[in-house]
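Residue-level structure breakdown
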Amino acid sequence: MSALGTGVDTHEMVLIHRVLRREFGQLPRLFRAAAGDRARAKVIGAHAREMLTFLHTHHTGEDELLFPLLRERADLDPELMDRMDAQHAQVDGAVTAIAAELPAWTASADAAAGERMAARIDAMMPTLIEHLAEEEQEILPIVSVTLTQSEWDALGKHGMSAIPLTRRLVILGHITEDTDEAERRRFMKVLPAPARVVYKLIGHRQFTRETSRIHG
């Protein structure tokens, strides 16, 4: 366990943020393009559901395991933390509304429902992008010298716990998709050796196959 102040490597959260920016940035186009196409809606709906869960879990982990520790230990700008909370609330409201409409759209490919969900994401994205950027610039530097390694690891375990075992290799593909070689090695180093081997043997292929279906 790292002692307080020794420096936790928080770069993995930057990689998570890239997934959120990329995948939610693409979802409105995917929803709109699948209008009337039930086969496409089934594929896009499954992907959207996974990403909504991914984002929701990311935020609940911060709300439960990260922000309380920062408030307790760090000399934080109250306006910054109030803004973090307000951004979470706004994004989570959109996520809840989209998740409620998604199952029916996945079955029907109804154009109007797809447009409503696309418009909700379009409206949410400026807040999400601002939130992720501010976390990276203002929050993560504080986290790196405030949390212990075990506390930081607990946040990662929280995120992983919401991902079914059968989906973890695909999520790993999403996380490493836009990494350079140094970032990929840095991230993979924290994974158990068996996970690295399985991803190399079958996970990357599974991710590539799924991504090609989503983006057609």
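Not measured: the values here are computed from a predicted model.

1. Let's talk about the overall build of the protein
Looking only at helices and strands, the protein has eight helices and zero strands in total. Each helix (α) and strand (β) of the protein, taken in turn from the N terminus, gives the series α-α-α-α-α-α-α-α. For the protein, the C-alpha radius of gyration of 18 Å lies close to 17 Å, the compact-globule estimate for 216 residues. With the principal axes as the frame, the protein shows a C-alpha extent of 55 × 45 × 25 Å. The 216 residues of the protein split such that 47% are buried. In the protein, the share of contacts with a sequence separation of at least 24, taken over all contacts with a separation of at least 6, comes to 82%. Carbon and sulfur atoms provide 57% of the accessible area of the protein, an area that totals close to 10700 Å². A gap of 11 Å separates the mean positions of the 26 positive and 32 negative side-chain charges of the protein.

2. Looking at the environment of L30
Among the structural elements, L30 can be located in helix α1 (residues 11-33). As a C-alpha pair, L30 and R83 span 53 residues in sequence and 30 Å in three-dimensional space. Excluding its chain neighbours within four sequence positions, the residues that come into contact with L30 are R40, I44, I214 and H215.

3. Remarks on the nonpolar core
Residues F24, F31, L55, W105, I121, M124 and L128 are the most contacted members of the largest nonpolar core, which totals 42 residues. Among the elements of the structure, α1, α2 (38-73), α3 (78-108), α4 (111-144), α6 (168-176), α7 (181-188) and α8 (193-215) are those that each provide at least two residues to this core. Once residues lying within four places of it in the same chain are set aside, the contact partners of M124 are F24, L55, V91, A94 and V95. The next biggest cluster of nonpolar side chains, apart from the first, holds 18 residues, and it includes L69, A74, M81 and M84.

4. Side note on α1
Note: α-helices contain 3.6 residues per turn, so residues at a spacing of three or four share the same orientation. Taking 1.5 Å as the rise per residue, α1 with 23 residues should run 33 Å; its terminal C-alpha atoms sit 34 Å apart, in good agreement. Maximum bend of α1: about 30 degrees, positioned at L27, with proline P28 one to four residues after it.

5. Let's talk about the environment of E134
When you line up the elements, E134 lands in helix α4. Sequence separation between E134 and D178 is 44 residues, and the spatial gap between their C-alpha atoms is 20 Å. Residues contacting E134, with those up to four places away along its chain left out, are L80, R83, M84, Q87 and I139.

6. Things to note about the packing of aromatic side chains
Counted according to the given criterion, the structure contains one aromatic pair. With centroids separated by 5.0 Å and ring planes inclined at 90 degrees, the aromatic side chains of F31 and W105 adopt a geometry described as edge-to-face. Taken together, the residues span a long stretch of sequence, with F31 in helix α1 and W105 in helix α3 at a distance of 74 residues.

7. As for the packing of α2 against α6
Packing of α2 against α6 leaves a shortest axis separation of 13 Å and a crossing angle of 75 degrees. Here α2 is positioned roughly perpendicular relative to α6, judged by the angle of their axes. Residues H47, E50, M51 and F54 of α2 touch α6, and the partners they reach there are V170, I171 and H174. For the contact of α2 with α6, the residue count by class is four nonpolar, two polar and one charged.

8. Looking at a negative patch on the surface
A cluster of acidic residues, D77, E79, D82 and E138, forms a negative patch on the protein surface. Along the chain, D77 turns up in the loop between α2 and α3. Classification of D77 by relative accessible area gives partly exposed; the value is 40%.

9. Considering the confidence of the model for the protein
Across the protein, the average pLDDT comes to 95, with 97% of residues at 70 or higher. Low pLDDT, under 50, characterises residues 1-5; the predicted model gives this stretch 10 contacts beyond four residues in sequence or across chains.

Rules used in this analysis
- Every chain is numbered independently, its residues counted from 1 as its sequence is written.
- It should be noted that, the model being predicted, local features are given only for residues of pLDDT at least 70 and side-chain atom pairs only at 80 or more, the latter also being counted only at that level, while totals for whole chains, interfaces and linings use all residues.
- Side-chain measures were taken over the full set of non-hydrogen atoms in the model, leaving aside hydrogen atoms and water.
- In this text, helices come from DSSP runs of H or I with a minimum length of four residues, and strands from runs of E with a minimum of two, each type numbered from the N-terminal end.
- This radius of gyration counts C-alpha atoms alone. The globule rule is 2.2 Å times how many residues there are, raised to the power 0.38.
- A 1.4 Å probe rolled over the protein chains alone gives each residue an accessible area, and that area as a share of the maximum for its type sets the label: buried under 20%, exposed over 50%, partly exposed in between.
- Contacts were defined at the residue level, with two residues in contact if any of their heavy atoms lie within 4.5 Å.
- All accessible-area figures derive from a Shrake-Rupley calculation using a 1.4 Å probe, and residue coverage is judged against the displayed protein chains alone.
- The charge count treats Lys and Arg as positive and Asp and Glu as negative. His and the chain ends do not count.
- One atom stands in for each charge, and that atom is NZ of Lys, CZ of Arg, CG of Asp or CD of Glu.
- Within this scheme, the nonpolar core is defined by two criteria: the residues are buried Ala, Val, Leu, Ile, Met, Phe, Trp, Tyr or Cys, and they are joined through side-chain atoms within 4.5 Å.
- The length a helix should cover is 1.5 Å for every residue beyond the first.
- Fitting one axis to the seven residues ending at a residue and another to the seven starting there, the bend at that residue is the angle between the two axes.
- Pairing of aromatic side chains requires ring centres within 6.5 Å, counting the rings of Phe and Tyr and the six-membered ring of Trp. Pairs whose planes differ by under 30 degrees are stacked, by over 60 edge-to-face, and all others tilted.
- What counts as an axis is a line fitted to C-alpha atoms, over the stretch in contact for a helix, and the angles between N-to-C directions run from 0 to 180 degrees.
- Oblique is the label for every angle not falling under 35 degrees (roughly parallel), over 145 degrees (roughly antiparallel), or within 65 to 115 degrees (roughly perpendicular).
- Only Asp, Glu, Lys and Arg are considered charged in this grouping, and only Ala, Val, Leu, Ile, Met, Phe, Trp, Tyr, Cys and Pro are considered nonpolar; every other residue, Gly among them, is considered polar.
- Without a salt bridge and with relative accessible area above 30%, a residue can belong to a patch; like charges are then joined within 9 Å and nonpolar side chains (Val, Leu, Ile, Met, Phe, Trp, Tyr) within 5 Å.
- Think of a salt bridge as a Lys or Arg side-chain nitrogen and an Asp or Glu carboxyl oxygen that are within 4 Å of each other.
- Values of pLDDT, the confidence the predictor places in each residue, fall between 0 and 100.

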